Structures are given as C-alpha cells and as structure tokens.
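Results of the structural survey
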Amino acid sequence: MPKYADIIVNISREELDKTFQYRIPDELSEIVVPGSKVEIPFHNRPAVTGYVISLSDEPKIDETRIRKISGLAKRSLTADDTMMALAAWMKEAYGCTLNQALKTVLPVKGTIRKGKTRVQSVPLPSQEERDAYTQAQLNPEQQEAVSGYAQETEGQNRPCLLFGVTGSGKTEVYMEMIRRCIEGGKQAILLIPEIALTYQNVKRFFLRFGDRVGILNSRQSAGEKYETVRLAKEGKLDLVIGPRSALFVPFPRLGLIIIDEEHEHSYHSDLTPRYHAREVAEKLCELTGASLVLGSATPSLESFSRAESGQYRLLQLPHRAMADAKLPQVYVADLREELKAGNKSVFSRLLREKIEDRLEKKEQIMLFLNRRGYAGFVSCRYCGKPIVCPHCSISMTYHRDGSLHCHYCGYSIPFPETCPSCGSPYIAAFGTGTQKVEAIVQREFPKARVLRMDADTTTGKSGHSRILDAFGKDEADILIGTQMIVKGHDFPRVTLVGVLAADLSLYAPEYDAAERTFQLLTQASGRAGRGSRQGEVVLQTYMPEHYAVLSSAEQDYEAFYREEMAFRRLMHYPPAGGLLIASVSGPDAAGTELKTKALREVLEDTFLEQAPLITGPAEGTEFKRKDVFRQQLLIRHPDAAVLRKIRDYAGHLLGDTIQFDLQ
Ligand code: ADP
Ligand code: ZN
Ligand code: ZN
C-alpha cells in the first residue's frame, strides 16, 4: 500500500505541476486513489480541499514534516469534481498520466482585455436577419425522432443515434432537443467538426436561442476561450457549440451532449491522451446524468453496430426535409473506359457534358477532389486495382528506395513492372492537386467563374467563410475543393457535384479506408440538389465495382455496413475486435527497429495465454519526423481489457519512448 499522496490544492491549470505530499492514514489506505477529493490542512488553514494526483511509497522531504490527510471531502457535485472524475477515468482509459488528463479537461486561463465582457468570435445576426427568421415546423419523421429521444431521457437514457440522410433536417431536431433541455433548466453542449463551424452553420442557433449561446473554436485566443468557459460555469450560457474540446465546458447542470457528424475523424484526438469525443461524452453523461445524441448521415461502424445491438437507440430520418428536395441522382463514370477511349483528361465525357449544361443554365457546380494527403500509393490505371498487402488487406505505400511497404506489418516487395492483377504496364503513383484542377477548369471552361478552397486558400481567421460566403452569394459558378467543401454546407443553387477521383481515399493505407471513402462520397453527393431543383452527382472512379463506391452511389448505408462489417470480422479490425497501435521512437532507425522487435517478443511471451495477434515492426505513416524514428506494432485482440493490460505493461517497459492509440 502506498504511504503518500501527491495532492494539488488548486484546480487551475497553472498549479497542476505544483503538488504537495501528504501521508495517507491507515484507515484511508484502500480508499485514497488518484482522483480522490480529500480534505487536508494547508499552511495555517485547518481544512482545504485537494485532489490526489498520484501515490508514492517514498517521502520527498523529511518524513516528520509531512502532514496527514484529514479525510475524504464530502461529495458535493461541482463541475470541478466532475472534470476531476473524468480525468481520473481518462488516465485509465487512455493510459496517460493524471496530469496529462487534467491538462486536457481543464480550461486554459487567459487574460481578457479590460472593458470587454463578452467575447464572440462570430458576429451576431443582424436585426434584419432576426426579423426574417422563421422556425421550421417539425415534420412527422422529425417529431418521431424527438419523441424517441424524449422516451429515452425519461427511461433508460441510452445514447441515441440520429441516422438521417443529408438534408433530412437533423439540425432542426437538435434544436428541439436543446430547447427541451434548456426549458428543463439544464445546459447543452453541441459538438460540430471544426471544419463545419462556420458563421452560416451557427447563425441558426443564435436566431433560435438568442445570445445565451457560446462558441468555441481553435482560431480563438486563450482569453476568448476562457471567457466562454467562465460564462458557462457561472450559468450565463445555455448552449456551447464547439469542436471536441467543448466537451470540457464545466456547465453546472449539464443536460445534453449532441455530437453532430459523429463519424468525423476529428473527434479522435491526435494528442496524448488520444481520446475519442464519443467515448468521453458517454462517460461524462454517465457522471452527470446528461443525455447523449449522436448524429450522422453516415454513422461510424462503431455507433451503428451499437445501435444494432440495442446499446444505442436508433432514430431515423430517411427523407430530405424540404417538401420538394429529393436525394440526388448519382452517375458513376468509369475512368478505365475513358482511358481506353483515349480520354486522358481529368473529366469524363459525362461530367464535362453536365458541367457545360449547368454553366448554360447558370446553376452552380461543386468539384470535389478526394485527397486526404496520402502520398505514395500505387495503383493500376488499367484495371483500377491498388497493390494490397496480402497479410493485412491494406494498400501498400511507395518507399524512398523504390520498394512497396505495408505500414501495418512491414511486409515489402520490389516495385512491380506490371500490374499483379492484370499484367498491364500502366502502374503508377497517383495524384492531382486542386491547383492543377483549377488551371484545367479555367482552360477548358474559360467563361466559368471559379473559386478554389483548400489548405492554401483558407489561411487566416476568416479564410473559410470568405470563400463560402462568396460562393453562397453566387459570385462563382464552380467551387473546387478538397474534403473541406463537403462538410455540411448548404448551397441551394448547387445542382451538380463532380467527384473527380473517388478512389484516392480508397487506397489510403488504413484498415478503415473503405469507410472513409463511403463517408466522403456520400457527404459530397449530399451537397447536390438541396434546393428545389433535382441534384446530380458524377462519381469518377477506376473501381466502379467496389462496394464503397456502389453503395454510396445507391445511397444505401446498410448495404455498405454489411459488407464492411464482414471485412472487419474477417480481419479482426474494429469494431469487430480491439486494435492497439504501439509506436516506439528512438534516435536511429536500426536501434528503433531492434527495440520494437524485442518488445514484440517480450509481449508475445508475457501474454502467451491471451495470444494477441501482433504484427510489425513496421514503419508507420510518420516514420521519421524531426530526427525521431518510429516503428510500430499492431496488436489485435477481441477483448479491449487485454489490450489495456498490454498497453500498460509496454508503457512501464518503455516509458516516454512509446506511444499508444487504442481503437
Ligand atoms: P441536415 O443537417 O440533416 O443535413 P438541415 O438541418 O441542414 O439538414 O436541413 C436541411 C434543410 O431543410 C434546411 O434548409 C432546413 O431549414 C430545412 N428543413 C429542416 N426541417 C424542415 C421542416 N420540418 N420543414 C421545412 N424545412 C425544413
Ligand atoms: Zn491492373
Ligand atoms: Zn501487412
């Protein structure tokens, strides 16, 4: 039993590293754990509240000078306690230190310039906009979704999955849920992916709920963020909208958390602790009794499988909300056929025809370049097949020395001269940039007014909104962009969406490449025909027979879900099994590889009985970065508890030189 506890007295971020050691009295030795709220004498005050950060056996100062914990603090549920409990849970769930967890959940203190009492990084709607606002009446489908949710809040309070096609009016449903929450005297948090946090998207909430709405986003200063957090804590806000970190707004009476576009990968943090907003929200709801709603047109496999098993309640909106808005007509253009017919342009004949037609009719067009920043994958332009690792079924990546590697298991082969599937010599690395597409569009359609939206054109505070506003005001005929144009923007004059290369994300070297592709294609198609005119979509692809392409063209989520789940089961990938990625770092390539190999052997020995499936060492996607080399092991096991054990064990062995991502 540890004898001492390191305690923080003040739960503000700057003080986190300042701990004081106290002795644990015998009668509390089994009760005091990291995260416990205790009462301690402090300086000349007989009793203040402190939080236990860690336990130790050794005194850090002369033992006679260490004072004793007086007792457990009486449980009063403040927002601070909830955050503390959440941090203690994150430490276990994500294998980080309590300190790292606390730094994640506690707000950054900042300074606010004098005289500014309210900070809003988006302009409030004008009086004109307020006057013009009318609330949509909910249609029967939407009402049914709300009443399903209401039943749940009064009964089991299971999380709800709102599965609604693009344009089905999920936002109206959220607003009704939020209204009920506020009316009950509670507060709500709405998570929206950062990329969709535009003025257009949040304006509706100000119009509906007035200005007791706070916004958080990454472009704000620490001071601006802190001000929103302070107002929320004081009960001066009813709703906070923000990215994943908005979960940590310490509302005194949290009633509802909504995660919009719940399948989005930005909800999975890429910093330590690598938490997932969905998991943290579930825990937070368990701690506070709040309700959880997840919404998407393309739910993650994780969530949909939970809805299937009854762990979540499924709420569905299968139709578009506006009376005359129909789901778009989707055409698939086979790029292999184009090549065979001598068309080497980025546009299929069908897409070119339709672009000309829309320019003529003065309707708007979105061209989407599916580019997730993966360089170095190789595919055959003749048969469309990528080169896939025989052990892991993921795309292999092109390597500096000219060979192809699997970054899951390390398997490698020399660069083939002909396609292993069809024998054609048209095998090459793949990729076009948005800038190049813009130049081609301007050359081929000289009269069209063109806007481009990608990482280069959206720098600065308002880069995003500037381009979206201009397009919304009809200042351009064609908007070209990467995935950032497909996220939840509502442009009623867009009647044609062209997806230039649907395959690019399909070849991404990740086990969930097909899922991401299906999501992107479905979201992109969802941009077409949101007004009263029928929308059309042209999906250009080298693999028209792939189920991710087929089922998104048919707008059949469940067909996709069934195929993809079969693949995950076969390969033991999540959600059919647990996956732990352990990434080992070191200053030189050979040493890091040796260390990783040794780790694999140690783990296989130690966990012989549980028999986890371990592959690697392999170079991850970030093999070398800032002179640090990385090698990774992929560890699969159906039981997440076993993976957590392996993680903690490996963490003890390698300390700072190993990082984990448990999925
Ligand atoms: P989603 O978030 O599901 O893609 P939105 O909430 O953006 O869909 O709604 C799509 C469009 O339908 C919006 O213009 C919205 O104002 C409209 N809408 C939503 N619900 C209704 C309704 N009940 N009656 C009429 N229009 C509606
Ligand atoms: Zn081929
Ligand atoms: Zn492999």
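Residues numbered from 1 in each chain as written. Chains lettered and ligands numbered in written order. Predicted model: local features only at pLDDT ≥ 70, side-chain atom pairs only at ≥ 80, totals over all residues. Heavy atoms only, no water.

Describing the overall build of the protein
- Scanning the protein from terminus to terminus reveals 18 helices and 28 strands.
- For the protein, the C-alpha radius of gyration of 27 Å lies close to 26 Å, the compact-globule estimate for 663 residues.
- Dimensions of the protein, computed from C-alpha atoms along their principal axes, come out at roughly 90 × 65 × 45 Å.
- Residues counted as buried form 54% of the 663 residues belonging to the protein.
- Across the protein, the fraction of contacts at a sequence separation of at least 24, relative to all contacts at a separation of at least 6, is 73%.
- Across the protein, the mean location of the 85 positive side-chain charges is 4 Å away from that of the 85 negative side-chain charges. (Helix = DSSP H or I, 4+ residues; strand = E, 2+ residues; numbered from the N terminus. Rg over C-alpha atoms; globule rule 2.2 N^0.38 Å. Buried < 20%, exposed > 50% of the residue type's maximum accessible area, 1.4 Å probe, protein only. Contact = heavy atoms within 4.5 Å. Lys, Arg positive; Asp, Glu negative; His and termini not counted. Charge placed at Lys NZ, Arg CZ, Asp CG, Glu CD.)

Brief notes about the environment of R647
- Inspection of the secondary structure assignment puts R647 in helix α18 (residues 640–654).
- Among the residues examined, R647 registers a relative accessible area of 2% and is labelled buried.
- Sequence separation of R647 and L662 is 15 residues, and the distance between their C-alpha atoms is 8.5 Å.
- Residue contacts for R647: discarding those within four places in its chain leaves E92, A93, Y94, G95, L580, F660 and L662.

Quick look at the sheet that holds strand β21 (residues 478–481)
- Read from one edge to the other, the open sheet built from 6 strands follows the order β13-β23-β22-β14-β21-β20, with strand pairing classed as parallel. The sheet is open, and its two edges are formed by β13 (329–334) and β20 (450–453), each paired on a single side. Across the sheet, the mean angle from the axis of one strand to that of its neighbour is 15°, orientation sign disregarded.
- Relative to strand β22 (residues 494–499), strand β14 (residues 364–368) runs parallel, the two sharing 5 bridges. The residue of β22 that forms the bridge with M366 is V497.
- Across the sheet, helix α13 (residues 463–472) lies against β14, β20, β21 and β22, angled at about 150° from β20, the strand it touches most. (Pairing = 2+ DSSP bridges. Axes fitted to C-alpha atoms, helices over the stretch in contact; angles between N-to-C directions.)

Side note on the coordination of the zinc ion (ligand 3)
- At this site the zinc ion (ligand 3) is bound by C389 (SG), C392 (SG), C406 (SG) and C409 (SG), with donor distances of 2.3 to 2.4 Å.
- Angles of 106 to 115° at the metal separate the 4 donor atoms of the zinc ion (ligand 3), which places the site in the tetrahedral class.
- In the primary sequence, the donor residues of the zinc ion (ligand 3) line up as C-x2-C-x13-C-x2-C. Separated by 17 residues along the polypeptide, C392 in the loop between β15 (378–380) and β16 (397–398) and C409 in the loop between β17 (403–405) and β18 (412–414) bring together distant segments of the chain. Taken as a pair, C392 and C409 share a single burial class, namely buried. (Donors = N, O, S within 2.8 Å, 3.2 Å for Na, K, Ca; no water. Tetrahedral: all angles 85-135°; square planar, octahedral: opposite > 155°, others 65-115°.)

A closer look at the pairing of strand β11 (residues 291–296)
- Most of β11 is tucked away: 6 of the 6 residues are buried.
- Residues S291, V293 and G295 point to one face of β11 and L292, L294 and S296 to the other, with burial holding for every one of them.
- Pairing geometry for strand β6 (residues 160–164) and β11, over 4 bridges, is parallel. Looking at β11, one finds that L162 is bridged to G295.
- As judged from the 5 bridges shared by strand β10 (residues 254–260) and β11, these two strands associate in the parallel manner. Looking at the pairing, D260 lines up with G295 of β11.

Describing the pattern of salt bridges
- Inspection of every chain in the model, using the stated rule, returns 37 salt bridges.
- Here D81 makes a salt bridge to K37, at a shortest N to O gap of 2.8 Å. Taken together, the residues span a long stretch of sequence, with D81 in helix α1 (residues 79–94) and K37 in strand β3 (residues 37–42) at a distance of 44 residues. Exposure class is identical for D81 and K37. Each is buried. (Salt bridge = Lys/Arg side-chain N within 4 Å of Asp/Glu carboxyl O.)

Things to note about the coordination of the zinc ion (ligand 2)
- The zinc ion (ligand 2) binds to the protein through C380 (SG), C383 (SG), C419 (SG) and C422 (SG); the donor distances cover 2.3 to 2.4 Å.
- Taken together, the 4 donor atoms coordinating the zinc ion (ligand 2) span angles of 107 to 114° at the metal, a pattern that classifies the geometry as tetrahedral.
- Taken in sequence order, the residues that donate to the zinc ion (ligand 2) follow the motif C-x2-C-x35-C-x2-C. On the criterion of sequence distance, the pair formed by C383 in the loop between β15 and β16 and C422 in the loop between β18 and β19 (427–429) is long-range, its members being 39 residues apart.
- By relative accessible area, C383 is classed as buried at 12%.

Overview of the site of ligand 1
- Near ligand 1 you find 18 residues, and of these Q137, Q142, G167, G169 and K170 are the closest.
- A distance of 3.3 Å separates an oxygen atom of ligand 1 from a polar backbone atom of S168.
- In isolation ligand 1 exposes 570 Å². Once the protein is present, 78% of that is buried.
- In terms of residues, the shell around ligand 1 owes the most to one element, helix α5 (residues 170–183), which gives 3 residues.
- Considering only residue class, the shell around ligand 1 consists of 5 nonpolar, 8 polar and 5 charged. (Near = heavy atom within 4 Å. Polar contact = N/O pair within 3.5 Å; in protein donor to acceptor, adjacent residues only side chain to side chain. Areas by Shrake-Rupley, 256 points an atom, 1.4 Å probe, with all protein chains shown as cover. Nonpolar A, V, L, I, M, F, W, Y, C, P; charged D, E, K, R; others polar.)

So, the sheet that holds strand β2 (residues 20–23)
- One open sheet accounts for 5 strands, arranged β2-β1-β4-β3-β5; its pairing is antiparallel. The strands lining the two open edges of the sheet, one partner per strand, are β2 and β5 (71–72).
- Across 4 bridges, strand β1 (residues 4–8) lies against β2 in antiparallel orientation. Following the sheet pairing, I7 is matched in β2 by F20.
- Strands in contact with α1 are β3 and β4 (45–56); relative to β4, the strand with the most contacts, it is inclined by about 15°.

Considerations on the domain arrangement of the protein
- Per the domain assignment, the segments making up the protein are domain 1 (4–80), domain 2 (138–317), domain 3 (329–375 + 431–567) and domain 4 (578–662).
- Using only C-alpha atoms to locate each centre, domain 2 and domain 3 end up separated by 28 Å.
- Contacts between the two partners involve 23 residues from domain 2, matched on the other side by 25 residues from domain 3.
- Taken together, both faces of the contact between domain 2 and domain 3 bury some 2,100 Å²; the carbon and sulfur share is 58%.
- Where domain 2 meets domain 3, there are 0 salt bridges.
- Where domain 2 packs against domain 3, one counts 7 residue pairs in polar contact (both at pLDDT 80 or more). (Domains from an automatic or database assignment. Buried area = accessible area lost by both parts, 1.4 Å probe.)

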